[in-house]
Amino acid sequence: MIEDKNQQRTSLSELGEFGLIDHLTKNFKINHKSTIKGVGDDAAVLNFSNKKIVVTTDLLVEGVHFDLSYMPLKHLGYKAVVVNLSDVYAMNATATQITVSIAVSNRFPLEALEDLYAGIETAAKIYNIDVVGGDTTSSNTGLLISVTAIGEVEDEVYRNGAKPNDLLVVSGDLGGAFMGLQVLEREKEVYKVNPNNQPDLEPYTYIIERQLKPEARKDVIQLLKDLDVKPTSMIDISDGLSSEIIHLCKQSNVGCDLYEEKIPLDPQVISTCEEFNIDSTTVALNGGEDYELLLTVSQADFPKIKANPSLSVIGFMKEAKDGMHLVTRGDSRIPIKAQGWKNFND
């Protein structure tokens, strides 16, 4: 968390816009046949033949979505890609290309942007996507990153296909990203008081990684194909479990019973919640940024998924008139309300 004051700093003005683009994108390779032309012209050229494509975009703003006092730029580049790919996978699609646009102030030297793009390049390699374009411009307020992800899909899954009696299923575990953020924010405040203090983050490795370097669940999409399970609806968990359940229910015109005891929590999340005196169920419901997949499947597919460690059945869908409820460990029924991330709060 202590900045190295002796870093080499190359002013962006030395390169100019096109020189900067050439420098930052020189290592990007083309891997997909659908990419005819990538970076280097007025527009990318893609050819998907007879396949359907999905397109999604996301904007990350310094001071709103990330804090560079504890978010390394390489991690930020990686995360900026992953959060978009997660939306592609939530459509049951395969991500193939991205564009990356940044607005950057003159406080960032070239070396900082090299770190940012190293993270983007790492994500592109791991998730097998082509970087095919973008834009760079100046900013008076800090760093902004916009990533657009493109994918191909043969059998898409929407949010509006859930039916009464479908099972509600989630991948992975929840609440880690939010608790990782709490630890980082706490250590930031300690650092302000004593810059010589070096935090011991070893006990929080998993949850900090969930915040700084999340992973999109491409593996779950392949798993579902291998299991011959097509979800009836699906969404990624970016804004908190409660918000995403409400999205599925409203768009599918169904209700839901979510069972508190079935919500998957990592032991490190539970212990950190106890340390911060925060209820772990509240964190799982409202924390956000886990980028797991929330899906509904027919009960007929339960035998195919019941023994899989990557998937947890956490409830089932009901008629819309029955409403959306959390069934607590004490068997109380509490209406589910969205209290996760909201833009444009007063």
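Structure first, text after, so check above.
The rules we used
- Residues numbered from 1 in each chain as written.
- Predicted model: local features only at pLDDT ≥ 70, side-chain atom pairs only at ≥ 80, totals over all residues.
- Heavy atoms only, no water.
- Phe/Tyr/Trp six-rings, centres within 6.5 Å; stacked < 30°, edge-to-face > 60°.
- Helix = DSSP H or I, 4+ residues; strand = E, 2+ residues; numbered from the N terminus.
- Buried < 20%, exposed > 50% of the residue type's maximum accessible area, 1.4 Å probe, protein only.
- Pairing = 2+ DSSP bridges.
- Core = buried A, V, L, I, M, F, W, Y, C linked by side-chain atoms within 4.5 Å.
- Axes fitted to C-alpha atoms, helices over the stretch in contact; angles between N-to-C directions.
- Parallel < 35°, antiparallel > 145°, perpendicular 65-115°, else oblique.
- Contact = heavy atoms within 4.5 Å.
- Nonpolar A, V, L, I, M, F, W, Y, C, P; charged D, E, K, R; others polar.

Colleague: Teacher, can you tell me more about the packing of aromatic side chains here?
Modeller: Centre distance and the angle of the planes are the two values used to describe a pair of aromatic rings. Tallying each qualifying case throughout the model produces 2 aromatic pairs. Where Y259 meets F316, the ring centres are 6.4 Å apart and the plane angle is 25°; that geometry is what we call stacked. On the criterion of sequence distance, the pair formed by Y259 in strand β9 (residues 254-259) and F316 in strand β11 (residues 311-319) is long-range, its members being 57 residues apart. Relative accessible area serves as the criterion here: at 28%, Y259 is assigned to the partly exposed category.

Colleague: When you look at the pairing of β11 in this model, what are you seeing that I'm missing?
Modeller: Walk down a regular strand and you will see the side chains alternate between the two sheet faces. Judged from the 5 bridges that link them, strand β7 (residues 167-171) and β11 form a sheet pairing that is antiparallel. Note that in β11 the partner of V169 across the bridge is V313. Across 5 bridges, β9 lies against β11 in antiparallel orientation. Looking at β11, one finds that G255 is bridged to K318.

Colleague: Help me out: how do you make sense of the nonpolar core in this one?
Modeller: Side chains that are nonpolar tend, in soluble globular proteins, to be buried together. With 85 residues, the main nonpolar core has L85, I98, L241, L258 and L294 as its most contacted residues. Considering each element in turn, this core owes the most residues, 9 residues, to helix α2 (residues 73-89).

Colleague: Sorry, what's going on with the environment of V132 here?
Modeller: You can see V132 is positioned in strand β5 (residues 130-138). With 34 residues separating them in the primary sequence, V132 and I98 have C-alpha atoms 6.1 Å apart.

Colleague: Mind showing me how you'd approach the packing of helix α5 (residues 205-212) against helix α8 (residues 267-276) here?
Modeller: The axes of two packed helices give the description: the angle between them and the distance between them. Packing of α5 against α8 brings their axes to within 8 Å, and their N-to-C directions diverge by 100°. Compared by their axis directions, α5 and α8 come out roughly perpendicular. In this structure, α5 uses T205, Y206 and I207 to contact α8, whose residues at the interface are Q268, V269 and T272. Taken together, the residues of the contact of α5 with α8 sort by class into 3 nonpolar, 3 polar and no charged.

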